[in-house]
Amino acid sequence: MESIHSINPERIAWCCAEHSITPGELASQVGISAASIERVMAGEDSLTFNQLRKIADYFGRGVLFFLEAGPVDEAQVHTPHFRTLTTQKPELSARLRALIERVERQRAVYLSLREDLDDTQRPRFSPPDLPEHDVRSAACITRRWLSLAEDNCFDTYRAAVEARGVLVFRSNGYNGKWQIAKESPILGFTLYDQDCPVIVVKKRAAETQQSFTLMHELGHLLLHKASSIDDEQDLQSLEGRERDANAFAGHLLVPDAFLAGIDDAQRPDEVTQYDDWLKPQRKEWGVSGEVILRRLLDGGRLSREQYSAYRKWRERVVAAPKDGGSRMYRHREPKHVFGDTFVRTVLDALNARQITLAKASSYLDNLKIKDLHELERHYADL
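These numbers come from a predicted model, not from an experiment.

K.L.:
Help me understand the overall build of the protein in this model?
P.N.:
Counting its secondary structure elements, the protein contains 19 helices and six strands. For 382 residues, the compact-globule estimate of 2.2 N^0.38 gives 21 Å, and the C-alpha radius of gyration of the protein, at 23 Å, lies within 12% of that figure. By principal-axis analysis of the C-alpha atoms, the protein measures approximately 80 × 45 × 40 Å. Out of the 382 residues belonging to the protein, those deemed buried represent 49%. Carbon and sulfur atoms make up 48% of the accessible area of the protein, which amounts to about 19,000 Å² in all. Of the side-chain charges in the protein, 52 are positive and 58 negative, and the distance between the mean point of each set is 4 Å.

K.L.:
Got a minute to help me understand the layout of surface pockets in this structure?
P.N.:
Which parts of space are left empty comes out when a probe the size of a water molecule is rolled across the atoms. In this model, the largest pocket occupies a volume close to 1,000 Å³. In terms of lining residues, the largest pocket is bounded by 45 residues, among which Arg 204, Gln 209, Gln 236, Glu 290 and Arg 311 are the most central. Going through the elements one at a time, helix H10 (207-224), helix H11 (240-253), helix H12 (256-259), helix H15 (289-298) and helix H16 (304-317) are the ones with two or more residues in the lining of the largest pocket. Looking at the lining of the largest pocket, the element that brings in the most residues is H15, giving six residues. A breakdown of the residues in the lining of the largest pocket according to their chemical character gives 16 nonpolar, twelve polar and 17 charged. In this structure, the second largest pocket occupies an estimated 720 Å³ of space. Asp 57, Gly 60, Arg 102, Arg 105 and Lys 177 are the residues nearest the centre of the second largest pocket, which is lined by 21 residues in total.

K.L.:
Just to check I follow, could you spell out H16 for this structure?
P.N.:
One turn of the α-helix equals 3.6 residues, which is why residues spaced by three or four share an orientation. Here H16 contains 14 residues, and its C-alpha end-to-end distance of 20 Å stays within 8% of the 20 Å for a straight helix at 1.5 Å per residue. Burial in H16 covers these residues: Tyr 307, Tyr 310 and Trp 313. The buried residues of H16 occupy one face: seen down the axis, they fall within an arc of 125°. The outward face of H16, more than 90 degrees from its buried face, is lined by the exposed residues Glu 305, Lys 312, Glu 315 and Arg 316.

K.L.:
What should I look at first to understand the nonpolar core in this one?
P.N.:
As a rule of thumb, nonpolar side chains are buried together in soluble globular proteins. Ranked by internal contacts, the top residues of the largest apolar core, which has 48 residues, are Leu 146, Leu 214, Met 215, Leu 218, Val 254, Ile 292 and Leu 293. With six residues, H10 is the largest single contributor of residues to this core. Excluding anything up to four places from it in sequence, Leu 218 contacts Thr 142, Leu 146, Val 161, Ile 199, Phe 248 and Leu 252. Core analysis: the next-biggest nonpolar cluster, separate from the first, contains 37 residues, Leu 167, Val 343, Leu 350 and Leu 375 among them.

K.L.:
Would you take a moment to explain the side chain of Glu 217 for this structure?
P.N.:
Note on placement: Glu 217 falls in helix H10. Summary of buried charges: Glu 217 has no salt-bridge partner, and the nearest side chain of opposite charge, Lys 89, is 9.3 Å away. When sequence neighbours within four positions are dropped, the list of residues in contact with Glu 217 reads Gly 188, Phe 189, Thr 190, Ile 199, Ser 228 and Asp 230.

K.L.:
Can you help me understand the sheet that holds strand E3 (residues 167-170) in this one?
P.N.:
The strands that make up a sheet are held in pairs by hydrogen bonds between backbone atoms, and each pair lies either parallel or antiparallel. Reading across the sheet, the four strands line up as E3-E5-E4-E6 and stay open at both edges, with mixed pairing between neighbours. Of all strands in the sheet, those bounded by a partner on one side alone are E3 and strand E6 (228-231). Geometrically, the sheet is characterised by an average inter-axis angle of 10° between neighbouring strands, direction not taken into account. Note: strand E4 (residues 186-191) against strand E5 (residues 198-201), four bridges, orientation antiparallel. Bridged to Phe 189 within E5 is Val 200.

K.L.:
I'm lost on unusual backbone geometry in this one. Help?
P.N.:
Among all residues save glycine, negative phi is the norm, and among peptide bonds the norm is trans. In this structure, Ser 147 takes a positive phi of about 55° despite not being glycine. By secondary structure assignment, the location of Ser 147 is in the loop between helix H8 (135-145) and helix H9 (154-162).

K.L.:
Quick question: what am I supposed to make of the packing of H15 against H16 here?
P.N.:
Each packed pair of helices is defined by two parameters, the angle between the axes and the distance between the axes. As a packed pair, H15 and H16 sit with axes 10 Å apart at the nearest point and diverge in direction by 165°. Comparing their axes, H16 and H15 come out roughly antiparallel. Seen along the crossing, H15 lies across H16 with a hand that is left-handed. Two secondary-structure elements touch here, H15 through Gly 289, Glu 290, Leu 293, Arg 294 and Leu 297 and H16 through Arg 304, Tyr 307, Tyr 310 and Arg 311.

The rules we used
Residues numbered from 1 in each chain as written. Predicted model: local features only at pLDDT ≥ 70, side-chain atom pairs only at ≥ 80, totals over all residues. Heavy atoms only, no water. Helix = DSSP H or I, 4+ residues; strand = E, 2+ residues; numbered from the N terminus. Rg over C-alpha atoms; globule rule 2.2 N^0.38 Å. Buried < 20%, exposed > 50% of the residue type's maximum accessible area, 1.4 Å probe, protein only. Areas by Shrake-Rupley, 256 points an atom, 1.4 Å probe, with all protein chains shown as cover. Lys, Arg positive; Asp, Glu negative; His and termini not counted. Charge placed at Lys NZ, Arg CZ, Asp CG, Glu CD. 1 Å grid on protein atoms, 1.4 Å probe; cavity = no way out; pocket = protein on both sides within 12 Å on 5 of 7 lines; lining within 4 Å. Points joined across faces, edges and corners; volume = space filled by probe spheres on them. Nonpolar A, V, L, I, M, F, W, Y, C, P; charged D, E, K, R; others polar. Expected span 1.5 Å × (residues − 1). Arc of directions from axis to C-beta. Core = buried A, V, L, I, M, F, W, Y, C linked by side-chain atoms within 4.5 Å. Contact = heavy atoms within 4.5 Å. Salt bridge = Lys/Arg side-chain N within 4 Å of Asp/Glu carboxyl O. Pairing = 2+ DSSP bridges. Axes fitted to C-alpha atoms, helices over the stretch in contact; angles between N-to-C directions. Parallel < 35°, antiparallel > 145°, perpendicular 65-115°, else oblique. Left-handed = near helix turned anticlockwise from the far one by under 90°.

Shown next as structure tokens:
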């Protein structure tokens, strides 16, 4: 195969630095000899197109990126939203940085398909007008905007947000390019856009935790009209925008009218029994006991000591999410990761013959063709 001699080694070096790996580690990852990479980096050798494509795919870049002359202009390579998130959390891992870029590309795919389909029925983002300094009222208005019933779970909250033109992605539970690692403190992020914002929620042991993250990120979208990335400390913060997003999520998930139905006289003495005490409400509202207790704390109905003791107990007993899953349901994984709106749009484009099976597969986490057909049958039965 013909060799390519015009490779810009500076761009390979820049990508390696972005991903915190050495050229030697890159060689091992993409199956190219370390000696060949070393010579390329020294400007003394070339690569075949397939070899360069492996490097481009590994870094999530196009092949032409490595053929352009001159150094990388980060202002052109990275979007303002990407730079906003990495400025908020400079310590982000290379995998998380790559995930953010991947999410942005996935949104671009969705918008392109939506435009080609010319489907006026597909949800469009049109946020409600919210008061600037009244989080409780803002949450009340948003709850009506989402048309939420009283009985909910993560899936219904997600569906309500997606119905309002926000893409909601959830990281998968197995090791892959759509995973937020278990050891990462990051719980979610949002990419603001006036036309089609995206919220990404980390898959966690309890879906009620995911619900709070979802509404916290929605708070950033609606209250602050800004991109944001949040870790465990942010979802407990009592300061600034994080405080507002936390209060917004709490009031949206557990309105004052819900709290009125909780009998404080029935509260157990032991914090280990709080979850049992609140079991009916937790199940109906699709929230964790901690969210309800935090609302009771803010309303002066629970002491700081009781709340802190409960949190310490929960941290000891909470289970870690399980990796992997049954291969039987691989065809449903794109829906779990990308949400119903995105998946339906890809399948609609495929059915309209605007994209090929291969393209549809690539947009749906490289789903195998037989699994893609199974996904089509799954949607046909809904």
